Amino acid sequence: MVLLMVGVYFNQVWAQDVIYYGSDSNAVRQVQQKLKDWGYMKDGVVDGHFGWKTEEAIKNFQRKNGLQVDGKAGRQTLNAMGLGNLLQKAPAQTTYQSSRATSTRDETYMLAQAINGEARGEPYIGQVAVAAVILNRVEHPSFPNSISGVIFQPGAFTAVADGQMFLDPNESAFKAAKDALAGWDPSSGAIYYYNPVTSTNRWIYSRPIIKTIGKHVFAS
Amino acid sequence: MRDRRKITTWLLIAAFVVAGIWGFTQYNQKNDYRTFLENQYLNEFYSLLNSIEGIEALLAKSMISQSDEQMSLIFTETWKNADLAQNNLSRLPISHLALNETSKFLNQLGDFSYSIGKQTINGKKINDNQWEDLERLHNSSSYLITSLQKLHQDMIDGGAMQFGELREKGRFALGRASDNVIQDSLTRVEKEMTTYPKLIYDGPFSSHLSEIKPKGLKGEGITRKEGEKEIISFLGSDRVGEINQLSRGEGVVNTYGYEVVPYGEDGDRRAYVEVSRTGGKVVWMMDSKVVENVTLTMPKALERANNFLKDKGFSNMTPSYSEKYNGVAVFNFAYEQDDVLIYPDLIKVQVALDNGEIIGFEAQGFYVAHGERKISEPEISLDEAKDMVSNRLEIFKERLAIIPTEAKEEVLCYEFKGNFQDDTFIVYINAETGEEQQILKVIQTNTGDLTM
C-alpha cells in the first residue's frame, strides 16, 4: 500500500480580503480577541494563529448573526464584527510584528505565590510588604534584576526552597501582589525581612531595622 | 501450619525484594537529579567565568581605544557581559552574603558601562575621573577572574566532582574575591531600562530614593496623638472605630504607623495608615477590604477619586493612568502647573468598585518631590520638537510635561503620544536641547495600560 503524504499548502493571504488559515497574525489576533470577548471562542487562545478553534468560533458567530457559515472571516463577517478596517489594510510593508500584550499575569502570579508561601496568616499589610521587598530587591544593585531572579535566587526565600510557594494563592494574596506592583510599599524600602522568633541567620540581625509588621521585622 | 509459615516467609521475602528494588530505583533517580542539578550549576559557573573574562578584555581595550564608535561598541559589549554575569552569579548555589558585593560590583559595572557607552555615542569624551574609575573596574575584574579560575582549578584537582563542592568552595572563593572589589567609589548611576511593566511613573522612574529629603513636608514634628487626629480627619470619623499604634517607619519619610479598625467591624478588615512625623500628613493608606461585586464604572470611580483629592486639599491634580483589578480601580494623578504635567508629584488613589469608598492612597512621591517650581520656557517650539520625533509615529496627543530622569533630576519635555502599527508609544523630547529624552512603550493589558 502506498501511503500518499499530502502536504497541505496554505497560501499566504496577502491582500487581506478574508481572514483564514495563514492570515497575518495581527489581524487574526484581533478577530480572535473579539470572538473571545463575546464568548464565541470558549477554549481557544488569542495567539494570532488561525487554527480550527478559531474557525469554529467564526462559524458560531456567523450562525448567530445570520451570515453564511463557512468559517472564513470575509468582508461581511468582518464588518459584522466591527473589524472592517482590517480589510482596508494593504499588505504589511515591513516585517514589524506588533507586540503581543505582555501579560503581567506571570509576575502577579509569582508574587502571589511568594506572598502565600512567605506571609500566609500575616496581616494584609504584611503581605503587601513582603511583595514590596521583592520588588525593592529587583531595583537594588546587590540583587538579581528580575522578579523571577529575586524569588528563585538560591537560598533567598525559605518558602521557595521547601516548595511551600507552589500552593495555589488565595484572592487576598493576588490583591496584595497587585497593590505592591501598583506602587504601595508598606515596608518603606526594605530589602530584607525576617521572623526574629524563627530566624537562624545571625547576620541578618545586623541590618538596620526599618519597622516591624506582624511577625516580620523589615530591614535595609 | 507449616504451609502458613512458608507463605508468610515468602511474603516477607517478596516485601523485602520489592522494598529493595524501590530503594534502588529511588537511589538512581536521586543521582540523576543530582547530576542534572550540578550540571546546571556548572553551566552557570562557566558562563560566569566566560563573561568576566570578556569584561576584563574589553575594559583593557577601552583604555587604549581612540575612536568613539569603538568605545561605544566596547562599552555596549561590556554592559551585556556584566548583565549576563550578574544573572549567572545569582543562580549559583552560593549564599547571597558571599555574592552580595560581587553582585553589586557587576551591577554597577553594567550601569557605568551603559552610561559611558551612551556618552561616547554622543561624542562626549571620557573625563579623568571616569578614566580612573575604568582602571579600577579593570583591576577589580582581574581579581575576580583570578579567584574564579583558582576555584575552577580546585574543583578539577579534587578529582571526581562532589556534589555541593561548588557550593562549599565557591562560597569561600567568592567571599574572598569580593574583598578586593571596590564599590562605592564608582559614580552612582541607575539603570534606565525597567525590567517589568509598571503603571506609568511609578514606574520606569520611581525607585526608592533613599538619600532624598522630602520637599513637600514642612512644619513641626507631631506626636502620636496628633497623628491619630489627622487620620480621623482623613478617613472621616464615621469610618474610624479604634486606632492602634504600629511600628514607626524610618524611610525616605519618617512616619508613625497605625492600624485602624473600621467602625462597627467585627471581622478582619483593617486600614493601615502612615502619617509623616514632620508636618503630620497621611503619606499612605491601605484598606484590606475585599470587594465582591463590581457595580461602579471606571468614570464614576474616577469622579470619586477626584473629589476625594479635592476634599483633602490637593488641587490641580490631573489623572494620568489607571488600572483595574480585583474589584478596585487605581488612578495615578500628577500635579499640573501652567499647563505642564509634573509627573514626579505623584499621588495614587484606590477606589472600591462596589461602593466607591477610597481604600487606598499613596502620596510619598508627591511629598518627596512637590515644591515651588519655577518652570522655564521651553527653548524649542512644539513644532520643532515634533520634527525630532520619528515620522513613523502617528501622533495623536501632545503636551508639555516634567519627567524625572535616572539621575533623580527633573527635565521639561514635550510629551508625544502616538501609534506605530498597532502599538502605542510615548516619546519625550527635551524642551531645551531637542534630544529624545525617553521613549516608553504602552502595554495594553486587560487591567489597564502599563508602560515599559
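Rules used throughout
Residues numbered from 1 in each chain as written. Chains lettered and ligands numbered in written order. Predicted model: local features only at pLDDT ≥ 70, side-chain atom pairs only at ≥ 80, totals over all residues. Heavy atoms only, no water. Helix = DSSP H or I, 4+ residues; strand = E, 2+ residues; numbered from the N terminus. Buried < 20%, exposed > 50% of the residue type's maximum accessible area, 1.4 Å probe, protein only. Contact = heavy atoms within 4.5 Å. Areas by Shrake-Rupley, 256 points an atom, 1.4 Å probe, with all protein chains shown as cover. Expected span 1.5 Å × (residues − 1). Arc of directions from axis to C-beta. Pairing = 2+ DSSP bridges. Phe/Tyr/Trp six-rings, centres within 6.5 Å; stacked < 30°, edge-to-face > 60°. Lys NZ or Arg CZ within 6 Å of the ring centre and 35° of its normal. Core = buried A, V, L, I, M, F, W, Y, C linked by side-chain atoms within 4.5 Å. pLDDT = per-residue confidence, 0-100. Axes fitted to C-alpha atoms, helices over the stretch in contact; angles between N-to-C directions.

Quick look at the overall build of chain A now. The helix and strand tally for chain A stands at 9 helices and 3 strands. The linear arrangement of helices and strands in chain A, starting from the amino end, is α-α-α-α-α-α-α-α-α-β-β-β. Classification of the 220 residues of chain A by burial places 50% in the buried group. Considering only intrachain contacts with a sequence separation of at least 6, the fraction spanning at least 24 residues in chain A is 54%. Summing over all exposed atoms, chain A offers an accessible surface of approximately 11100 Å²; the carbon and sulfur share of this is 54%.

Okay, helix α2 (residues 68–90) of chain B next. Within an α-helix, residues lying three or four positions from one another point in the same direction, as the helix has 3.6 residues per turn. Compared with the 33 Å implied by 1.5 Å per residue over 23 residues, the 33 Å span of α2(B) between its first and last C-alpha is a close match. Turning to α2(B), its buried residues are Met71(B), Ser72(B), Ile74(B), Phe75(B), Thr78(B), Asn81(B), Ala82(B), Ala85(B), Gln86(B), Asn88(B), Leu89(B) and Ser90(B).

Residues and elements named next belong to chain B. Its 12 residues give helix α6 (residues 224–235) an end-to-end C-alpha distance of 17 Å, which sits within 8% of 16 Å, the value for a rise of 1.5 Å per residue. For α6, the full list of buried residues reads Arg-224, Gly-227, Glu-228, Ile-231, Phe-234 and Leu-235. One side of α6 holds all its buried residues, which, seen down the axis, span an arc of 125°. Exposed residues pointing more than 90 degrees away from the buried face of α6 are listed as Lys-225 and Lys-229. On its buried face, α6 is in contact with β1 (240–249), β2 (255–262), β3 (271–276), β4 (282–287), α7 (298–311) and β8 (358–362). Remark: Gly-236 follows α6 within two positions and exhibits a positive phi of approximately 100°.

Before going further, it helps to spend a moment on the pairing of strand β2 (residues 209–213) of chain A. All names here are of chain A. As paired elements, β2 and strand β3 (residues 216–219) share 4 bridges and run antiparallel to each other. Across the sheet, Ile-213 pairs through a bridge with His-216, a residue of β3. Connecting β2 to the antiparallel partner β3 that follows it, the hairpin turn spans 2 residues, and Gly-214 within it adopts a positive phi of roughly 60°.

As a further point, take the packing of aromatic side chains. Summed over the entire model, instances satisfying the criterion amount to 17 aromatic pairs over all chains. Ring geometry for Trp38(A) against Phe61(A): centres 5.9 Å apart, planes inclined by 15°, an arrangement best described as stacked. Of the two residues, Trp38(A) sits in the loop between α1 (25–37) and α2 (52–64) while Phe61(A) sits in helix α2, which places them 23 residues apart along the sequence. Under the relative-accessibility criterion, Phe61(A) is labelled buried at 3%. Members of the aromatic cluster, each reached through a chain of ring pairs, are Phe234(B), Phe308(B), Phe314(B), Phe361(B), Phe366(B) and Tyr367(B). Positioned above the aromatic ring of Trp184(A), the side-chain terminus of Lys348(B) is 5.8 Å from the ring centre.

By size, the foremost hydrophobic cluster in this structure holds 99 residues, and its most contacted members are Ile147(A), Leu309(B), Ile347(B), Val349(B) and Phe361(B). Excluding anything up to four places from it in sequence, Phe361(B) contacts Trp184(A), Phe234(B), Val282(B), Val283(B), Trp284(B), Met285(B), Phe308(B), Leu309(B), Phe314(B), Ile347(B), Lys348(B) and Val349(B). In this structure, Ala82(B), Ile94(B), Leu99(B) and Leu109(B) belong to the second largest nonpolar core, which totals 26 residues.

What follows covers the confidence of the model for chain B. Residue and element names in this part refer to chain B. Confidence along chain B averages 81 in pLDDT terms, with 83% of residues attaining 70 or more. The weakest mean pLDDT in chain B belongs to strand β13 (residues 448–451) at 58; the strongest belongs to β8 at 94. Low confidence marks residues 180–210, where pLDDT is under 50. Its contacts with residues over four positions away, or in another chain, come to 94 contacts. For this predicted complex, the interface score ipTM comes out at 0.75, alongside a pTM of 0.70.

Here we come to the side chain of Gln32(A). Along the chain, Gln32(A) turns up in helix α1. Sequence-distant contacts of Gln32(A), defined by excluding residues within four places in its chain, comprise Met41(A), Val45(A), Val46(A), Asp47(A), Gly48(A), His49(A) and Thr54(A).

Below, the discussion takes up the sheet that holds strand β1 (residues 192–194) of chain A. All names here are of chain A. Strand order in the open sheet formed by 3 strands is β1-β3-β2, and the pairing between neighbours is antiparallel. Edge positions in the sheet fall to β1 and β2, since each of these pairs with one other strand and no more. Between one strand axis and the next, the sheet turns through 20° on average, direction left out of account. Against the sheet, helix α6 (residues 124–139) touches β1, β2 and β3, its axis set at about 30° to β3.

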